[in-house]
Amino acid sequence: MFNQQRTSISNKFLALLGYFCMAIISSCLGCSYKLLKDLSTDTVSPMEICEKINHLKTPEYLAHFILSAVLTLRGWWGIGIFNVPFIFYNFAQWCEGRHLLDHKKVFSTLSQEMRIIKAKASFFAVIMFYCLWEWATWSPPDYTPLGMGFNTMKNIQVSH
């Protein structure tokens, strides 16, 4: 029962979509962190940096929402529900308009933005390691023929 298909969407597609979302989130957070680090050294224009970071916020928020939906559809309720506080935080930021950086106030909120990005990166690192652990320890159900399925670890034979 644990390894049965839960939706009409294949587990392989959901897994690939989840990893794609994690890659989008990681790249958005990494680029935002690098841009804010450049801004802290005061070598670039705050207006350009804020514009670039603001363009990265929407894909990050959408990928996070899709990742939570994918994890929940795959049956990983714990980690899917674990995402709810960050989704609520992102939604609240979006509704209040506080997700956008203002180039006039960016230096006063720079340390806070850096801490938020570090917290999000740590959170997604935990999710990524959990997903990799689940993938590595998952074994195909008995109804899957040998050599078929997303994980082919069933072919490995251990002799005594």
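So, how was this worked out
- Residues numbered from 1 in each chain as written.
- Predicted model: local features only at pLDDT ≥ 70, side-chain atom pairs only at ≥ 80, totals over all residues.
- Heavy atoms only, no water.
- Helix = DSSP H or I, 4+ residues; strand = E, 2+ residues; numbered from the N terminus.
- Contact = heavy atoms within 4.5 Å.
- Areas by Shrake-Rupley, 256 points an atom, 1.4 Å probe, with all protein chains shown as cover.
- Expected span 1.5 Å × (residues − 1).
- Salt bridge = Lys/Arg side-chain N within 4 Å of Asp/Glu carboxyl O.
- Buried < 20%, exposed > 50% of the residue type's maximum accessible area, 1.4 Å probe, protein only.
- 1 Å grid on protein atoms, 1.4 Å probe; cavity = no way out; pocket = protein on both sides within 12 Å on 5 of 7 lines; lining within 4 Å.
- Points joined across faces, edges and corners; volume = space filled by probe spheres on them.
- Nonpolar A, V, L, I, M, F, W, Y, C, P; charged D, E, K, R; others polar.
- Axes fitted to C-alpha atoms, helices over the stretch in contact; angles between N-to-C directions.
- Parallel < 35°, antiparallel > 145°, perpendicular 65-115°, else oblique.
- Left-handed = near helix turned anticlockwise from the far one by under 90°.
- Core = buried A, V, L, I, M, F, W, Y, C linked by side-chain atoms within 4.5 Å.

This part takes up the overall build of the chain. Secondary structure summary: the chain contains five helices and zero strands in total. Listing every helix and strand of the chain by position from the N terminus yields α-α-α-α-α. At a minimum sequence separation of 6, the contacts of the chain that also span at least 24 residues come to 75%. For the chain, the accessible area works out to roughly 10,200 Å², and carbon and sulfur atoms hold 67% of it.

Let us look at helix α2 (residues 46-73). Compared with an ideal rise of 1.5 Å per residue, which puts 28 residues at 40 Å, α2 spans 41 Å between its outermost C-alpha atoms and is within 8% of the ideal. In the stretch just after α2, G75 is the one whose phi turns positive, near 100°.

So, on to the pattern of salt bridges. Under the counting rule described, the total for this entry stands at four salt bridges. A salt bridge links E113 to K57; the shortest N-O distance between them is 3.7 Å. With E113 in helix α5 (residues 110-137) and K57 in helix α2, this residue pair connects regions lying 56 residues apart in the sequence. The pair formed by E113 and K57 is uniform in burial state, with each residue classed as buried.

Turning our eyes to something else, we now look at empty space enclosed by the protein. Throughout the structure, instances matching the rule amount to two cavities of 30 Å³ or more. Put simply, the largest cavity is a space of about 50 Å³. Along its surface, the largest cavity is lined by L14, A15, G18, Y19, M22, L67, V70, L71, R74, W76 and C131. Elements with a contribution of two residues or more to the lining of the largest cavity: α1 (11-40) and α2. Looking at the lining of the largest cavity, its residues break down into nine nonpolar, one polar and one charged. Considering the residues around the second largest cavity, the lining is formed by L29, S32, I53, K57, E60, I116, I117 and K120. At the level of elements, α1, α2 and α5 are the ones that each hand at least two residues to the lining of the second largest cavity. Across the lining of the second largest cavity, the residue classes break down as four nonpolar, one polar and three charged.

For the pair α1 and α5, interaxial distance at closest approach is 10 Å and the crossing angle is 155°. One finds that α1 runs roughly antiparallel with respect to α5. In terms of crossing hand, the pair formed by α1 and α5 is left-handed. Residue composition of the contact of α1 with α5, by class: 17 nonpolar, three polar and four charged.

Counting 27 residues, the largest nonpolar core has L36, L67, L71, F124 and I127 as the members making the most contacts within it. Put simply, the parts of the chain that give this core at least two residues each are α1, α2 and α5. Ranked by residue count, the leading element in this core is α1, at eight residues. Setting aside chain neighbours within four positions, we find L67 in contact with G18, C21, M22, I25, F124 and I127.

With that out of the way, let us pick up the layout of surface pockets. Of the pockets and cavities examined, the second largest pocket occupies roughly 280 Å³. Along its surface, the second largest pocket is lined by 16 residues, and Q93, R98, L100, L101 and E113 are the ones closest to its centre. Looking at the lining of the second largest pocket, the elements that each hand over two or more residues are α2, α4 (84-96) and α5. Among the elements that take part in the lining of the second largest pocket, α5 stands out by supplying four residues, more than any other. A per-class count over the lining of the second largest pocket returns six nonpolar, four polar and six charged.

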